Structure formats: C-alpha cells, structure tokens
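Structural overview for review
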Amino acid sequence: MEGKDTVTLEELRWKNRVVLYFPEKYENPQFDLKPLKDKLDDRKIIFLSIGEQFSTNSKASFDQNYLKGLQEKFSSEKGKSNWVLIGLDGGVKLNGEGTPDWDFIFKTIDSMPMRQSEIKKGG
C-alpha cells in the first residue's frame, strides 16, 4: 500500500477486515476509536465512515469516486445509517442498521475459522 495514491477493497483482501459505515444523510458522526485501537488492530480491522465527511483509522488513501461507489453498493436504501463487515476473503460477513455494534462485530470475527487460526498462531 505504501507509495500508492489510493487503495481499494480488493487490495485489502487477505490483509484486512473492513467495517464500512454509512451515516444518515447530513449526519457527520465523530468516532473515538482510540479505546478500540488494540481490538481493531488485533483483528486487522480498517474502519471507513463514508458520508458527507470521510473518516478512517487507516493511513491508506481512498479515491472519492471509489468511496461513492462503495456507498451506492453497500449503503441502506432506506436512508438510515448502516454498517457492513467485510471479511479477509472480501465477502460480506455481517451488516446492521445504526452505528457499528463493535461487541457483536468482535464476537463474530472471533468465531470465524480464520480468526481462530490467527489466535492459535498468536496474531
């Protein structure tokens, strides 16, 4: 990812899990991910909040048009805020309405075979 202008989900595949969050229109939530940093890092999670404002816990850059495409593909059609968990294999593993339910996301990831393997290997 270093030296490249922008990153796509395909390039994150097998390296990171991704949580996409789509806030309601005109809503600009501020997320304090510091208390979750170790849990996010341990599970290789990149968080992307895609709305009027963009925020992420990643140092990677994402093209604005690409983010709009993700919004069109994954955001709720009802105009309500929603989130999506994308696994290491690039597939959608979970989704929900409202803001991300981190406990549920972490428990779900921790029950996945690839995560179990990571835990056994110590990382």
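Description of the structure in this document. (Residues numbered from 1 in each chain as written. Predicted model: local features only at pLDDT ≥ 70, side-chain atom pairs only at ≥ 80, totals over all residues. Heavy atoms only, no water.)

**Brief notes about the overall build of the protein**
Across its full length, the protein carries five helices and five strands. Moving toward the C terminus, one meets the helices and strands of the protein in the order α-β-α-β-β-α-β-β-α-α. Its C-alpha atoms give the protein a radius of gyration of 14 Å, within 12% of the compact-globule value 14 Å for 123 residues. Structurally, the protein occupies a C-alpha span of about 45 × 35 × 25 Å along its principal axes. Within the span of the protein, comprising 123 residues, buried residues form 38% of the whole. When contacts within the protein are restricted to residue pairs at least 6 apart in sequence, those whose partners lie at least 24 apart make up 62%. Carbon and sulfur atoms form 47% of the exposed surface of the protein, whose accessible area is close to 7600 Å². The averaged location of the 20 negative side-chain charges in the protein is 5 Å from the averaged location of its 20 positive side-chain charges. (Helix = DSSP H or I, 4+ residues; strand = E, 2+ residues; numbered from the N terminus. Rg over C-alpha atoms; globule rule 2.2 N^0.38 Å. Buried < 20%, exposed > 50% of the residue type's maximum accessible area, 1.4 Å probe, protein only. Contact = heavy atoms within 4.5 Å. Areas by Shrake-Rupley, 256 points an atom, 1.4 Å probe, with all protein chains shown as cover. Lys, Arg positive; Asp, Glu negative; His and termini not counted. Charge placed at Lys NZ, Arg CZ, Asp CG, Glu CD.)

**A few points about the pairing of strand β1 (residues 17-22)**
Looking along a regular strand, one sees the side chains alternate between the two faces of the sheet. Counting buried residues along β1, six of its six residues qualify, which places the element largely inside the surrounding structure. On β1, burial covers both faces: Arg17, Val19 and Tyr21 on one face and Val18, Leu20 and Phe22 on the other are all buried. In terms of strand pairing, β1 meets strand β2 (residues 45-50) through five bridges, oriented parallel. Bridge assignment links tyrosine 21 to a residue of β2, and that residue is serine 49. (Pairing = 2+ DSSP bridges.)

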